[in-house]
Amino acid sequence: QAEVFVTERFSERPPSDAKPFALTDALGRGDLAGSLAAVRQQRLAGKEPLELLGLIAWQLQRWVTVRRMGDAGYAAERMSEAIGLRPWQVQRLQSEVARRPLGTLQRMLERCWQFDVDAKSGRALPDLALEQLVVEVATADIRYRRLCA
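Below or above, wherever it landed, is the structure these notes cover. (Residues numbered from 1 in each chain as written. Predicted model: local features only at pLDDT ≥ 70, side-chain atom pairs only at ≥ 80, totals over all residues. Heavy atoms only, no water.)

Here we come to helix α3 (residues 49–71). Since the α-helix packs 3.6 residues into each turn, any two residues three or four apart lie on the same face. With 23 residues, α3 extends 32 Å between its outermost C-alpha atoms, agreeing within 8% with the 33 Å of an ideal straight helix rising 1.5 Å per residue. Directly after α3, the chain includes Gly73, whose backbone phi takes a positive value near 95°. (Helix = DSSP H or I, 4+ residues; strand = E, 2+ residues; numbered from the N terminus. Expected span 1.5 Å × (residues − 1).)

Here's what the structure looks like:
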């Protein structure tokens, strides 16, 4: 008896108006709903989960760098020169890390790398790892404030 295979055909993804930095902007505001919506938009636009994990890692690394430099007494202008960002970008990053302690940022970056390894090694589903990381990053400052209260 011959085997029959059924395949589904999907039309191409619809054109997307997904903003490339909507995810990092929402994470910077601590906006969980906005962050998850941005992930959905990026996925619909064809971005892979590991690509978005990389974007989050990039943002976390920038936050760690700006927080470390700020804690060491660097002014925004000096940070801008040292890390190659425009002054307005440094000021924005400073406002995003103001409510996030360095230790929290470093733990989030470590979690990001762990999710990346887990997703690439098959220990985690990439989409679920991405969503879990987004939830952790977007709500980290809320959890920190509760610990301090």
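Below, the discussion takes up the side chain of Thr139. With respect to the secondary-structure elements, Thr139 resides in helix α7 (residues 126–148). Engagement of the side chain of Thr139 in a polar contact is seen with the backbone oxygen of Val135, the distance being 2.6 Å. (Polar contact = N/O pair within 3.5 Å; in protein donor to acceptor, adjacent residues only side chain to side chain.)

Let us now look at the pattern of salt bridges. Here the structure, examined in full by the defined rule, presents 10 salt bridges. Here Arg92 makes a salt bridge to Asp25, at a shortest N to O gap of 3.0 Å. With Arg92 in helix α5 (residues 87–97) and Asp25 in helix α1 (residues 22–29), the pair connects residues that are 67 residues apart, well separated along the chain. With relative accessibility at 36%, the residue Arg92 sits in the partly exposed group. When its relative accessible area of 24% is taken as the criterion, Asp25 is described as partly exposed. The salt bridge involving Glu136 is made with Arg111; its shortest N-O contact spans 2.7 Å. One end of the pair, Glu136, is in helix α7; the other, Arg111, is in helix α6 (residues 102–121), with 25 residues separating them in the sequence. (Salt bridge = Lys/Arg side-chain N within 4 Å of Asp/Glu carboxyl O. Buried < 20%, exposed > 50% of the residue type's maximum accessible area, 1.4 Å probe, protein only.)

Here α3 crosses α6 at 160°, and the two axes come no closer than 9 Å. Regarding the angle of α3 to α6, the classification is roughly antiparallel. For the pair α3 and α6, the sense of crossing is left-handed. On α6, the residues that touch Leu50, Leu53, Ile56, Ala57, Leu60, Gln61, Trp63, Val64, Arg67, Arg68 and Asp71 of α3 are Leu102, Leu105, Gln106, Met108, Leu109, Cys112, Trp113, Phe115, Asp116, Ala119 and Lys120. For the contact of α3 with α6, the residue count by class is 15 nonpolar, 2 polar and 5 charged. (Axes fitted to C-alpha atoms, helices over the stretch in contact; angles between N-to-C directions. Parallel < 35°, antiparallel > 145°, perpendicular 65-115°, else oblique. Left-handed = near helix turned anticlockwise from the far one by under 90°. Contact = heavy atoms within 4.5 Å. Nonpolar A, V, L, I, M, F, W, Y, C, P; charged D, E, K, R; others polar.)

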